[in-house]
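The primary structure of each chain is shown beneath.
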Amino acid sequence: MAGSGARPPEIYGLMAEFETPTALVAAARQTYAEGYRKIDTFSPFPVEEAWEAIGHHDSRLSLIVLVGGLTGLVTGYGLQYWVHVFAYPTNVAGKPLNSWPQFIPVTFELTILFAALSAVLAMIVLNGLPMPYHPVFNVKRFTEHASRDGFFLLVEAADPKFDKQHTMDFLKGLNASEVSEVEP
Amino acid sequence: MILNPKPSTYEPPPLIEPGHTFGSITDKISAVVLSGRQPLAWVIVVSISFMLVGMLGIAITWLLIKGTGIWGINIPVGWGFAIINFVWWIGIGHAGTLISAILLLLKQGWRTSINRFAEGMTIFAVMCAGIFPLIHTGRPWLAAYWLFPYPNSMLIWPQFRSPLIWDVFAVSTYFTVSMMFWYVGLIPDLATLRDKPKRLWVKRAYGMLSLGWRGSARHWQRYEHIYLLMAGLSTPLVLSVHTVVSFDFAIGIIPGWHATIFPPYFVAGAIYAGFAMVLTLAIPLRKIYGLEDFITMRHLENMGKVTLLTGLIVAYGYTSEAFFGWYSANRYEGFMILNRMFGPYWFIYWALIFCNIITPQWLWFKRVRTSTVGLFLVAMVVNVGMWLERFVIVITSLHRDFLPSSWGMYYPTKWDWMTFIGTIGLFIFLFFLFVRFLPMISIFEMRTMAPKGTPTEAEGH
């Protein structure tokens, strides 16, 4: 889990709760400016400024989807070429065996299919899902409000700057409505 | 006296009734699923539609025992209800993808209240559509090697030059991508449903489905990124699906099918039929579940406008067909269009014109667009009209071909009707199960419509 030593860590981190997305984003920016890096925010709907505030942007997704789409394109055309030129050549209305205009629809559909599959799988795998257990669910307020109307900021104990008392004071100074310890 | 001047800029009516907060939106939408109590209307609709599903089961079983001889098809009309119903259902599905993907890319905020159940409608409509190609030969177990390229002991492969194989790939891709798009959109809402109930098994069930979603900003970033990419991929996909469906006809040489107008005219018709079906579902739903706060009159009016626009494109398509009949100077094309209008199926053609061209003109009037009864009636007529359109295209083009000696008539049998009405039952049954077990409006997207939903507005972002 969090610690790198032999002793199991006492806590996973500290979690501060905010009432509005605006307050959450402001707090996240200050926490990042303070030098914390192992931080995360939780909101019941996407808040673009929140992931910008914690310095997160995963740009690999576009590339993965592009590669997925190109794989589908090659698979689609390759399959039809192989079937009609090598495996099962048939003369239809005197058209060439490699009658490419007629291979476009299937090629197109497989491009979309592979791109869409890789997009969804990339999102799920890179997000580390499915993950039925996560320490944040040990915070009672989190389970009640994170998927409803609560906005949370987490500082992990694994952060090099983390010091339980000091971080707690810092988070309280950010106008958090509540700061709680997160059991590992 | 100073008259009250009109505001200089047009303020559209709100997309959500005022007074809602993140919490109240969440509670109101999830209550439909979690309260465990369903209105009487739900019980009645599910009971009736389940009986229709039983009828569908009987019709398909008898088909598998006897073969397609129980249907009305014969030479010269070898394509009957199976293809008519397939095209009708696939078309209905298209509005869901249009709402969820194309309107997302166009930043149309009003899609948020209706995209979830419209996507559900897409999936169930494509399921109903998929039944027909599977059973249309009466011997579906043989379809495996006709349709799918897999190494088999006969060493034969599908014919990729045939539009019917394109259809297999287009429809199966469409179904898969629509399912993924729907599921991805559901993940955050499934997490909401996991966190609310007290009963452990309900929590567990929704917890499994939500994959342990916790609303982390890192997750949201990837989520939003791929959601946008999926919308970008679905947009050309949905246009390609009905284009390929129209190729089933347009690649053939039959007069009345072999027309370049077919792909755009089919796509417009699909969206037309689909929006009519969304209205048909949305108007009773918001009434039964009291969701007028979220599905407002503005939503219904916008859908009415899209229906009118696509209806006009469809009218252009019919006009073009008639024009081609004359301008091509081809005697078979000319005969075909006259036979459609004045031949033995004339009443179906004119019923089609009444349903699809004349009726939607009511939508020019704001009073009709803002009346639920008016919209519902127009939508029902359009649903019927779009089915008639496919009947006209399929049957009147086939029943009198090049040689008068091979002319004939097509009459559907009771088994045709039982299969068709059975799929309507299946569609309604699946849809109402969805309403019972999943949030029919996207909760997390609706939260962004609430006040305070735009966090950095004050900072001039």
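Bear in mind that the values here come from a model prediction, so they are computed numbers and not experimental data.

S.K.: Tell me what's going on with the overall build of chain B, and back it up with residues and numbers.
M.R.: If you tally the helices and strands in chain B, you get 16 helices and zero strands. Against the 2.2 N^0.38 benchmark of 23 Å for 461 residues, chain B shows a C-alpha radius of gyration of 24 Å, consistent with a compact globule. The principal-axis extents of the C-alpha atoms in chain B amount to approximately 75 × 75 × 40 Å. Put simply, chain B has 461 residues, and 47% of those count as buried.

S.K.: How would you sum up the nonpolar core? Please name residues and give values.
M.R.: Met15(A), Ala119(A), Leu153(A), Ile226(B) and Val278(B) are the most contacted members of the largest nonpolar core, which totals 183 residues. Residue contributions to this core peak at 17 residues, all from helix α9 (residues 262-288) of chain B. Both domains that meet at this core, namely domain 1 (13-57 + 131-182) and domain 2 (60-126) of chain A, each give it at least three residues. Apart from the residues lying within four places of it in its own chain, the contact partners of Ile226(B) are Leu61(A), Ala119(A), Val120(A), Ala122(A) and Met123(A).

S.K.: Just give me the short version of the interface of chain B and chain A, but keep the residues and values in it.
M.R.: Opposite the 50 residues of chain B that make contact, chain A presents 60 residues. Every element with two or more residues in the side of chain B that touches chain A is listed here: α1 (22-34), α6 (163-195), α8 (217-250) and α16 (443-447) of chain B. Tallying contributions element by element places α8(B) first for the side of chain B that touches chain A, with 16 residues. The residue makeup of the side of chain B that touches chain A, split by class, is 25 nonpolar, 17 polar and eight charged.

S.K.: How would you summarise the domain arrangement of chain A if you had to cite specific residues and measurements?
M.R.: Along its sequence, chain A is carved into domain 1 (13-57 + 131-182) and domain 2 (60-126). Here the C-alpha centroids of domain 1 of chain A and domain 2 of chain A sit 44 Å apart.

S.K.: Please provide a residue-by-residue account of unusual backbone geometry, values included.
M.R.: Note the cis peptide between Leu129(A) and Pro130(A), where omega equals -5°. Position of Pro130(A) relative to the elements: it lies in the loop between α4 (104-126) and α5 (140-145). A cis amide bond links Ile75(B) with the next residue in sequence, Pro76(B), at an omega value of 10°. Of note, the phi angle at Ala93(A) is positive, near 55°, even though the residue is not glycine. Mapped onto the fold, Ala93(A) is located in the loop between α3 (60-87) and α4.

S.K.: I'd like to hear about the sheet that holds strand β2 (residues 39-42) of chain A, residue by residue, with values.
M.R.: Residues and elements named next belong to chain A. Here four strands make up an open sheet; going across it, the order is β2-β3-β1-β4 and the pairing antiparallel. Edge positions in the sheet fall to β2 and β4 (178-182), since each has one partner strand and no second. Across the sheet, the axes of successive neighbouring strands diverge by a mean angle of 20°, strand direction being ignored. Of the strand pairs in this sheet, β2 and strand β3 (residues 151-156) are connected by four bridges, and their pairing is antiparallel. Counted as the bridge partner of Ile-39 is Val-155 from β3. Here helix α1 (residues 21-33) sits on the sheet in contact with β1 (13-18), β2 and β3, set at roughly 15° to β3.

S.K.: I'd like a description of the pairing of β3(A), backed by residues and values.
M.R.: Residue and element names in this part refer to chain A. Judged by how many residues are buried, β3 sits mostly within the fold: six of six residues are covered. Here β3 shows no split at all, with Phe-151, Leu-153 and Val-155 on one side and Phe-152, Leu-154 and Glu-156 on the other all buried. Alignment of β1 against β3, held across six bridges, turns out to be antiparallel. Paired with Leu-14 across the two strands is Val-155, which belongs to β3.

S.K.: I'd love a proper account of α8(B), names of residues and values included.
M.R.: Owing to its 3.6 residues per turn, the α-helix aligns residues three or four sequence positions apart on the same side. An ideal rise of 1.5 Å per residue puts 50 Å on 34 residues; α8(B) measures up with 49 Å between its terminal C-alpha atoms. Buried residues dominate α8(B), accounting for 25 of its 34 residues.

S.K.: Go over the confidence of the model for chain B with me, naming the residues and quoting the values.
M.R.: All names here are of chain B. Mean pLDDT for chain B: 88, with 95% of residues reaching 70 or above. The low-confidence segment residues 454-461 (pLDDT under 50) makes eleven contacts with residues lying over four places distant or belonging to another chain. Two numbers describe this predicted complex: its pTM, 0.90, and its ipTM, 0.90.

Rules used in this analysis
- Residue indices begin from 1 for each chain and proceed along its sequence in written order.
- Working convention: letters from A go to chains and numbers from 1 go to ligands, in the order in which they are written.
- Note on the predicted model: pLDDT of at least 70 is required for a residue's local features to be given, and 80 or more for side-chain atom pairs to be given and counted; whole-chain, interface and lining totals, by contrast, use all residues.
- Here a strand is any run of E in DSSP of at least two residues, a helix any run of H or I of at least four, and the numbering for each starts at the N terminus.
- Both definitions apply: the radius of gyration is a C-alpha atom measure, and the globule rule equals 2.2 Å times residues to the power 0.38.
- Comment: burial labels come from other C-beta atoms within 10 Å of the residue's own C-beta, placed from the backbone, where a count of 20 or more is buried, 12 or fewer is exposed, and between is partly exposed.
- Definition of nonpolar core: a set of buried Ala, Val, Leu, Ile, Met, Phe, Trp, Tyr and Cys residues joined via C-beta atoms within 7 Å.
- Bear in mind that the domain bounds are from an automatic or database domain assignment.
- Two residues form a contact once the distance between their C-beta atoms, set from the backbone, is within 7 Å.
- In this classification, the charged set is Asp, Glu, Lys and Arg, the nonpolar set is Ala, Val, Leu, Ile, Met, Phe, Trp, Tyr, Cys and Pro, and all remaining amino acids, among them Gly, are polar.
- Two strands are said to pair when DSSP picks up at least two bridges between them.
- Each axis is a line fitted through C-alpha atoms, and for a helix only the stretch in contact is used; angles between axes span 0 to 180 degrees, taken between their N-to-C directions.
- Between the first and last residue of a helix there are one fewer steps than residues, each counted as 1.5 Å, and that sum is the expected span.
- Every residue carries a pLDDT, the predictor's confidence in it, which falls somewhere between 0 and 100.

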